[in-house]
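Letter by letter, the chains look like this.
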Amino acid sequence: MSTDTQLDTWEVFMQSRAGANFIHQGSIHASDKKMALQNARDTYSRRGEGTSIWVVPTSEIIASSPDDADMLFDPSNDKIYRMPTFYTMPEGAKNI
Amino acid sequence: MAKQDALFKYTLRLGDNALILSQRLSEWCSYAPLIEEDLALTNLSLDMIGRAQALLKYAGEIEGMGKTEDTLAFRRSERQYYNNLLVEQPNGDFAFTMARQLFISAFELYFYSEMEHSKDKTFAAIAAKTLKEVKYHLEHAKDWVIRMGDGTGESHYRIQHAVNELWMYTGELFEMDDVDKDLIEQGIATDLDAIRPLWNKYIGDVLETAALIVPENGYMQTGSRKGIHTEHLGHLLCEMQYLQRAYPDAKW
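In this report, we go over the structure that sits alongside the text. What you are looking at is a predicted structure, and each value in this text was computed from that prediction instead of being measured. (Residues numbered from 1 in each chain as written. Chains lettered and ligands numbered in written order. Predicted model: local features only at pLDDT ≥ 70, side-chain atom pairs only at ≥ 80, totals over all residues. Heavy atoms only, no water.)

Attention now goes to the environment of I104 of chain B. Residues and elements named next belong to chain B. Within the element layout of this structure, I104 appears in helix α5 (residues 94–115). Judged by its relative accessible area of 0%, I104 falls in the buried class. When the C-alpha atoms of I104 and L138 are compared, they prove to be 8.5 Å apart, with 34 residues separating the residues in sequence. Setting aside its immediate chain neighbours within four residues, I104 contacts N17, L21, L86, V87 and L173. (Helix = DSSP H or I, 4+ residues; strand = E, 2+ residues; numbered from the N terminus. Buried < 20%, exposed > 50% of the residue type's maximum accessible area, 1.4 Å probe, protein only. Contact = heavy atoms within 4.5 Å.)

What follows is the structure, given as structure tokens:
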């Protein structure tokens with residue numbers, strides 16, 4: 001039997017106003033979906049911060065490995081032509 | 001009975017229920033089984049202190065003797081408190097606290113649903129705000145009671161024990177006297193006879209879902225309408241009122 005009495009963890013995302021992006025707030029413990037929502041509400045919206053909450057089981061989140069950071073992110077760093085600022089505007093161009 | 005007297009006493013009852021249960025729940029702070037539950041219980045407590053503040057402030061205005069909500073909270077003694085015996089019962093284990101919460105929150109849901117239509121505008125406004133909070137309190141308590149009742153052998157035993165032990169304090173929730181009758185006639189107070197069957201039905205359904213047995217309606221404790229309490233209230237007040245008693249008018 002597991003000695004961990006703290007239940008499963010869930011990630012909490014909250015929307016601060018209608019139409020805004022859901023932003024990751026942190027994580028909470030809960031044994032089921034409803035409890036996860038209640039605990040998220042009690043932990044992260046006590047002072048009226050939110051209008052809507054998402055909870056996701058932490059185990060369902062697929063994370064990239066730090067070891068893959070070079071492969072995933074490095075190649076974009078040295079290709080400055082991928083940035084809009086690389087291109088200079090021709091003088092006098094009006095309809096770009 | 002003068003209208004002011006009845007209204008004053010009635011307002012104190014409602015305010016005292018909120019204040020005393022708030023104090024009880026705050027005792028869980030840093031002791032709850034999970035940090036999330038610690039926050040949940042103190043949230044409940046904070047909701048109730050807000051309600052107590054509004055009601056005791058109103059009581060002070062009705063009485064017209066210049067008493068504030070603080071005077072009424074910290075300068076009255078045991079016999080001048082009119083909260084139901086149920087809310088002053090010690091927290092016990094977590095099952096005990098949740099059973100108590102289920103009983104009182106179900107009562108408050110039906111009570112304040114009626115009071116929302118009170119002819120007294122202050123009561124109606126406080127009721128509208130309280131209802132939103134109480135719905136959450138009830139949902140929280142109901143989920144836990146079902147979870148424990150339908151859980152392990154030990155959790156089932158503990159929650160059934162709590163329900164059995166607290167049952168004798170539930171009859172008092174529905175007691176009415178001249179104060180109630182006066183104010184019901186004026187369309188101000190809630191008729192408790194009307195909400196009793198709703199409460200019985202709700203609690204019966206929850207306990208059934210939780211695989212728990214509804215206790216027999218045997219001997220019911222009584223007294224709070226007259227300011228007579230169980231031995232637990234005095235100890236609670238000692239702690240809650242200590243600062244204002246030791247250093248009257250202390251401020252920070």
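This next bit is on the side chain of R100 of chain B. Residues and elements named next belong to chain B. Among the structural elements, R100 can be located in helix α5. We note that R100 is buried and unpaired, the nearest opposite charge coming from E27 at a distance of 6.7 Å. In terms of polar contacts, R100 uses its side chain to reach the side chain of N91, at 2.8 Å. Each residue touching R100, except ones within four places of it in the same chain, is listed here: L21, R24, L25, L86, V87, Q89, P90, N91 and L166. (Lys, Arg positive; Asp, Glu negative; His and termini not counted. Salt bridge = Lys/Arg side-chain N within 4 Å of Asp/Glu carboxyl O. Polar contact = N/O pair within 3.5 Å; in protein donor to acceptor, adjacent residues only side chain to side chain.)

Here the focus is helix α10 (residues 231–246) of chain B. For an α-helix, 3.6 residues make a turn, and residues three or four places apart therefore share a direction. All names here are of chain B. Helix length check: α10 (16 residues) gives 22 Å between terminal C-alpha atoms against 22 Å at 1.5 Å per residue, within 8%. Taking the largest bend as the criterion, α10 deviates by roughly 50 degrees, centred on M240. Elements in contact with the buried residues of α10: α1 (3–26), α3 (69–74) and α4 (85–88). (Expected span 1.5 Å × (residues − 1). Bend = angle between axes of the 7 residues up to and from the residue.)

Okay, the interface of chain B and chain A next. Facing 13 residues of chain B, the contacting portion of chain A comprises 15 residues. Between chain B and chain A, the buried area comes to about 1,300 Å², and carbon and sulfur atoms account for 46% of it. The shortest N-O distance in the salt bridge between R147 of chain B and D32 of chain A comes to 3.6 Å. Applying the counting criterion to the chain B and chain A interface returns eight residue pairs in polar contact (both at pLDDT 80 or more). Breaking the side of chain B that touches chain A down by element, the ones donating at least two residues are α2 (35–63) and α6 (121–149) of chain B. (Buried area = accessible area lost by both parts, 1.4 Å probe.)

All names here are of chain A. Strand order in this open sheet of three strands is β2-β1-β3, and the pairing throughout is antiparallel. Looking at the sheet topology across the chains shown, the edges are occupied by β2 (22–30) and β3 (52–57). Within the sheet, the average angular offset between the axes of one strand and its neighbour, ignoring direction, is 30 degrees. Sheet topology places strand β1 (residues 8–15) next to β3; six bridges connect them, and they run antiparallel. Each bridged residue has a counterpart across the sheet, and for V12 the counterpart in β3 is V55. (Pairing = 2+ DSSP bridges. Axes fitted to C-alpha atoms, helices over the stretch in contact; angles between N-to-C directions.)

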